[in-house]
Structures are given as C-alpha cells and as structure tokens.
Amino acid sequence: MKGKKSTAITTTEKKAIPTRQEQQDVIRFGQAWEYSPSIESPAIVKIAPRYNLFINGKFVAPKSGKYFTTINPATEEKLAEVAEAGEADVDAAVKAARNAYNKVWSKMPGKERAKYIYRIARLIQDRARELAVLESLNGGKPIRESRDVDIPLSAAHFFYYAGWADKLDYAFGGRKLSPLGVAGQVIPWNFPLLMAAWKLAPALACGNTVVLKPAETTPLTALFLAEILQEAELPDGVVNIVTGAGATGAAVVAHPDVDKVAFTGSTAVGKKIQQALAGSGKKITLELGGKAANIIFEDAALDQAIEGIVNGIYFNQGHVCCAGSRLLVQESIHDVVVKKLFRRLQTLRVGNPLDKNTDIGAINSRMQLDKICELVNSGVAEGAVMHQKQGKLPEKGYWFQPTFFTNVTPSLRIAREEIFGPVLSILTFRTPEEAIEKANNTFYGLSAGIWTDKGSKAMKIANAMRAGVVWINTFNKFDPSSPFGGYKESGYGREGGRQGLLDYCKVE
Ligand code: NAI
Ligand code: MG
C-alpha cells in the first residue's frame, strides 16, 4: 500500500529534487557564505561547581543527599553538579510555599506584589548577558536566540504580569479574582528561562506561591533566577526551585498540598499527570506537543515565506512545541519551494552556540538526538526523500544537520509524530479545502502558519484551524499579551495575555 501511495505523487516530487550538478552548485554557494567566528565569551557568567535547592529563600543541601551532573551539550563537558530533590525536599518546598502564601503573599495588596515582579523583570534585563550565555551553554541554543529572544521575552513576561497584579478586579468585567494557593510547576528544556517566566509571572501576579521544577538537562538559568529573586528581596518561600528529573516532577504535581499544577512537556507525561491527578480537585493546565502545519499558497511572497519556513522549523534546533514541522505546499509551487529551501538550507550555519553567527546550535541531549535519528531513519525507510545541509559537524557534542523530506504521505511517522528537531516534512495540497483538512489531520493542535497574499483567504483558513495560535505571513512570533496554548492532545489552558490570569485564579 505504501508503494502505491508514493508512486501517485512521485512524478511531481521527483522533478523537485535538485540534480547532482544543481546540488553541487548550491553546496558551493553555501560554503561561500562562511563567516569568521565571533564567539561570545563563556567567562561572562560565573558557574558554581555545585548548586543546592532553593527553598524558603535560601539555597539548601538536598535531604536526599543526591546530586547530578549538568553538561554543555555542544561539548559534552560538565558545567556543574545540581541537587536532586527527593520527596522530603519537595515536601519542604511545598511547606515553605504554603507558609509564604498564608502569611505574606496572598495578603499583600496587588500593587505591592507588582513592585517585586517589576524588580525581577528589571534584574533579568540587568543581567541579560550572563543569562543569555548561561542559557546557550546549558541548553545548546544559539546565543543570537538566547540573547534576542529567550531573555528579552522572559523580562517582558514579568513586566506584563506585574502590570496586571493591581488590576485583577478589572480584568474580567468587574468579577473578583482570588488566588488558588500553592502552584506546582514543571517545565521543559527547550526554553528554560522563558518557560520559568511564563509559569512564575502570572502565578505571582495573582497572589499564588510556587514550587518550580526545571528540566534535568537545563537547570542552570532557573537557579540563576533564584539568585535574582534573592536580590529582588522577594519574601522567603514565595518561589521555591527544586531541581531533579521526572521523579521530582511527579512528587511536585502529586503533593497533596499543591492546589494548581502547570506542566509543559511531552504529551506522554501530560497524560500521566492527568491520570495521577484525576479526582484530586487540583486545577491543571497542560502545554504539550505539536505537529503544526505551515501552509503556503501559490500567491504567497515566496522568498519571505521561505524565511518563515526556515524560522518555523529550524529555530532553536526545532526544539519548539509550536514548530512548523509539516509544510503544506500548494502543488503548483512545490518544485520552486523545494529548490529555494534546499538552497537556503546550505547557507544555515550549524555549530558553536556561542558564535554570534550560528543559526543552529546543539541538540539538547543525547536522548533527544537519538529520538530525532530514529524518526528520520523511519522516514527514509518508509520511502520519503531526505534533503540535508551538507558540511562537517563538530566532533564532540550532539548535532543534527537541518533536514527536510519530500515524497511524504500523511500516513508516514515523520508526518504524524513530533520529531522535536530540525526536520521538516513537506506535503502538498491543491485546494484551500484540502489544505484545511490536511492541516487539521493531527492529534495535536498547538499552532499553524498561513502564507498568502489574500487577506480574505488567510482569515478563512485561520478560522478553520483547530490550533491555539495561527500566524499569518509570519511564524514563531511571541508576545506576553498574546495567549498561547493548545487544542486536542496539545493540552489545555492558556499562557500569556489576560486569559493567562484565569488559570491562576478563582473567578467569583
Ligand atoms: P518530558 O515531558 O519527560 O519532560 C518535561 C518535564 O517534565 C521535565 O522537567 C521532566 O523532568 C518532567 N517530568 C518527566 N516525567 C514526569 C512525571 N512523570 N511527572 C512530572 N514531571 C515529569 O519530556 P522529555 O522526556 O524531555 O522529552 C520527550 C519529548 O517530549 C521530546 O522529544 C518532545 O517531543 C516532547 N517535548 C515537548 C515539549 C514542549 O514544549 N511541548 C518540551 C519538551 C519535550
Ligand atoms: Mg521524559
């Protein structure tokens, strides 16, 4: 059956694959674009050899007595040892949060809470350079992105919700909002500081206190943030940060004195959390995986769209839940899009995350690299045609060349499963109706992209998307005032905007 399906589209798709001569020309063209290195100094940030847990305003050794190593995925070198919180540690953190909630934070007027949140935002700005370097060292993302995206957006999120803290009673037509209590928050490794900001800022603005668990591969910027919280003189226990892996996360969400759970990560763990908490009465929000369609019509501005496609899937090594990982191209422009994309691929610079010219950094972990390789191999085995950037990769560290597939049918694993790497699957469509059907043909529904010259068409398609965020003639744009969240297996609840307050409040 697979064989039949692929012959049906091969005639169109085969032409699109550049000839050997064309490929050689394009690869040479790509190499001609090399820049001399421009490396940001890692010495900008001081990394301690060992980090403890941040509980009740202080760094304390874990009762578990355990530590784990955190590395730089671009070099596999050890950066620091980090405490692994066990159940007793999580319990201490929740107790501190409860105490701070009862005695201080829930009683403080919103305009006073706002001052602390503004202060946190300002301190993030003050220390932006250190934070950017640390984010790139620990996570593998290019410094250009951590400097221009992650850190400024983190500060912006705190600024935005600081602005809400004293206006909660005006947010929803005069209805009174009150906090939920202690929030247990578990975040992933793809945007470590930004996800901490997305979780902390609305929780604090509404008067909740927090136990936050960063991802095991990227704990360092959250611990740096803990130092910022001390510097901001945030009252003890309002935010507690417990590091560790899945077991620590499970202990946080299952703790009986946690009132609200917020999780960003894999759909598999999201489902486990729902099962574990069923009937507990805890309020839950989940932001899970995605398999977004980026739809490009024949009337789109093509060169602009190519940049959008590249940004949509190769941004942050494709470690983006809302990545435009399925490209739906109108059949009439398939060949030209493939050729342009192949050419653009060769000019992407892959390598040292601290180099300011780098477009694509390191894959976050060995585990994630293995997952990408496994899915890419399945695509080749199932008959899709693979196109990659040519060139050498560093010997140490975890790397994957930016890749796209043609000859993809909707039933292939690479068209259905979240790869979470720099890998794009290209499918075709003929009519807007077919585009809508194919775009929505997924278990996920986090985001979508639409590229067309026609405003009416863009609005019609956008309304038909079963996805939380739809970008038109752009992709991967974020703003604290704009809510973000999913449909279907991408989860529920919204982060950002006025809507983001609702998940941290009771509305009376
Ligand atoms: P994960 O879902 O296991 O990890 C995310 C966070 O959840 C981490 O802090 C982890 O320690 C914690 N966690 C793990 N098990 C838990 C449990 N039982 N209870 C509570 N917390 C738990 O994701 P992982 O294993 O790092 O990546 C697997 C795949 O998930 C990726 O390949 C990607 O497809 C997807 N993913 C999606 C993300 C998104 O932003 N939607 C972010 C990270 C991963
Ligand atoms: Mg996992």
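Remember, predicted model here, so these are calculated numbers, not experimental data.

## Some remarks on the overall build of the protein chain
Secondary structure assignment for the protein chain yields 17 helices and 20 strands. In terms of C-alpha radius of gyration, the protein chain reaches 23 Å, essentially the compact-globule figure of 23 Å for 508 residues. Oriented by its inertia axes, the alpha-carbon framework of the protein chain measures out at about 70 × 50 × 40 Å. A total of 508 residues make up the protein chain; the buried ones form 58% of that total. In the protein chain, the share of contacts with a sequence separation of at least 24, taken over all contacts with a separation of at least 6, comes to 76%. By element, 53% of the accessible surface of the protein chain is carried by carbon and sulfur atoms, the whole surface being about 20000 Å². Charge centroids of the protein chain, computed over 63 positive and 52 negative side chains, lie 2 Å from each other.

## Some thoughts on helix α12 (residues 334–346)
Over its 13 residues, α12 extends 19 Å from the first C-alpha to the last, a length consistent with the 18 Å expected when each residue adds 1.5 Å. Taken together, the buried positions of α12 are His 334, Asp 335, Val 337, Val 338, Leu 341, Phe 342, Leu 345 and Gln 346. In a view along the axis of α12, the buried residues occupy a sector of 165 degrees, so they form one face of it.

## What about the sheet that holds strand β1 (residues 50–51)?
Here we have three strands laid out as an open sheet, ordered β1-β5-β4, and mixed in their pairing. Each of the sheet's edge strands pairs with one partner strand only, and the pair in question is β1 and β4 (67–72). Direction of pairing for β1 relative to strand β5 (residues 77–83): parallel, over a ladder of two bridges. Following the sheet pairing, Arg 50 is matched in β5 by Glu 81. Docked against the sheet, helix α5 (residues 128–139) engages β4 and β5, running at close to 100 degrees with respect to β4.

## As for the site of ligand 1
Surrounding ligand 1, one finds 28 residues, the nearest of these being Trp 189, Glu 216, Ser 266, Lys 371 and Glu 418. Measuring from an oxygen atom of ligand 1, one finds a side-chain N or O atom of Trp 189 at 2.6 Å. In this structure, an oxygen atom belonging to ligand 1 sits 2.6 Å away from a side-chain N or O atom of Glu 216. Protein chains bury 89% of the 820 Å² of accessible surface belonging to ligand 1 in isolation. In terms of residue class, the shell around ligand 1 is built from 15 nonpolar, eight polar and five charged. Formed jointly, the shell around ligand 1 draws a minimum of three residues from each of two domains, domain 1 (42–287 + 487–507) and domain 2 (290–472).

## A short note on the confidence of the model for the protein chain
Mean pLDDT over the protein chain: 95, with 96% of residues reaching 70 or higher. The model gives residues 1–14 a pLDDT under 50, and that stretch makes 17 contacts with residues more than four places away or in other chains.

## Regarding helix α4 (residues 110–126)
In this model α4 runs 24 Å from its N-terminal to its C-terminal C-alpha over 17 residues, within 8% of the 24 Å that 1.5 Å per residue would give. Burial in α4 covers these residues: Gly 110, Arg 113, Ala 114, Tyr 116, Ile 117, Ile 120, Ala 121, Leu 123 and Ile 124. For α4, the elements touching its buried residues are α3 (87–105), α5, α6 (143–164), α7 (192–205) and α8 (220–231).

## Some thoughts on the pattern of salt bridges
Inspection of the entire model under this criterion finds 25 salt bridges. As a salt-bridge pair, Glu 81 and Lys 78 come within 3.1 Å of each other at their nearest N and O atoms. Look at Glu 81 and you get partly exposed, because its relative accessible area is 22%. Where Lys 460 meets Glu 433, a salt bridge forms, and the shortest distance between an N and an O atom there is 3.6 Å. Of this pair, Lys 460 sits in helix α16 (residues 455–464) while Glu 433 is found in helix α15 (residues 432–440), placing the two residues 27 residues apart along the sequence. In this structure, a network of salt bridges that share partners links the residues Arg 50, Lys 78 and Glu 81.

## Regarding unusual backbone geometry
Working note: non-glycine residues mostly have negative phi, and peptide bonds are mostly trans. Phi is positive for Glu 76, which is not a glycine, with a value near 65 degrees. Positionally, Glu 76 belongs in the loop between β4 and β5. Given the relative accessible area of 31%, Glu 76 is considered partly exposed. The phi dihedral of Asn 407 falls on the positive side, at around 60 degrees, and the residue is not glycine. Tracing the chain through its elements places Asn 407 in the loop between β15 (403–406) and α14 (413–416).

## A short note on the environment of Gly 30
Considering the arrangement of structural elements, one finds Gly 30 in helix α2 (residues 20–31). In sequence terms Gly 30 and Gly 312 are 282 residues apart; their C-alpha atoms lie 20 Å from each other. For Gly 30, the contacting residues outside a window of four places in its chain are Gln 346 and Thr 347.

## Describing the packing of α4 against α8
Their axes nearest at 9 Å, the elements α4 and α8 cross at an angle of 125 degrees. It follows that α4 is oblique to α8 by the angle criterion. At the point where α4 passes α8, the crossing takes the right-handed sense. Contact with α4, carried on its side by Ile 120, Leu 123 and Ile 124, involves Leu 225, Ile 228, Leu 229 and Glu 231 of α8 and no other residues of that element. Residue composition of the contact of α4 with α8, by class: six nonpolar, no polar and one charged.

## Section: the sheet that holds strand β13 (residues 326–330)
Taken in spatial order, the seven strands of this open sheet run β14-β15-β16-β13-β12-β17-β18, and their pairing is mixed. Where the open sheet ends on each side, the last strands, each with one partner, are β14 (385–388) and β18 (469–472). Averaged over all adjacent pairs, the angle separating strand axes in this sheet is 20 degrees, with direction ignored. Bridge analysis of strand β17 (residues 447–451) against β18 gives four bridges, and the strand direction is parallel. Looking at the pairing, Ile 450 lines up with Ile 472 of β18. Here α12 sits on the sheet in contact with β12 (293–296), β13, β14, β15 and β16 (423–429), set at roughly 160 degrees to β15. Together, β14, β15 and β16 form the strand contacts of helix α13 (residues 366–381), whose direction differs from that of β15 by roughly 25 degrees.

Analysis parameters
- Residues numbered from 1 in each chain as written.
- Chains lettered and ligands numbered in written order.
- Predicted model: local features only at pLDDT ≥ 70, side-chain atom pairs only at ≥ 80, totals over all residues.
- Heavy atoms only, no water.
- Helix = DSSP H or I, 4+ residues; strand = E, 2+ residues; numbered from the N terminus.
- Rg over C-alpha atoms; globule rule 2.2 N^0.38 Å.
- Buried < 20%, exposed > 50% of the residue type's maximum accessible area, 1.4 Å probe, protein only.
- Contact = heavy atoms within 4.5 Å.
- Areas by Shrake-Rupley, 256 points an atom, 1.4 Å probe, with all protein chains shown as cover.
- Lys, Arg positive; Asp, Glu negative; His and termini not counted.
- Charge placed at Lys NZ, Arg CZ, Asp CG, Glu CD.
- Expected span 1.5 Å × (residues − 1).
- Arc of directions from axis to C-beta.
- Pairing = 2+ DSSP bridges.
- Axes fitted to C-alpha atoms, helices over the stretch in contact; angles between N-to-C directions.
- Near = heavy atom within 4 Å.
- Polar contact = N/O pair within 3.5 Å; in protein donor to acceptor, adjacent residues only side chain to side chain.
- Nonpolar A, V, L, I, M, F, W, Y, C, P; charged D, E, K, R; others polar.
- Domains from an automatic or database assignment.
- pLDDT = per-residue confidence, 0-100.
- Salt bridge = Lys/Arg side-chain N within 4 Å of Asp/Glu carboxyl O.
- Parallel < 35°, antiparallel > 145°, perpendicular 65-115°, else oblique.
- Left-handed = near helix turned anticlockwise from the far one by under 90°.

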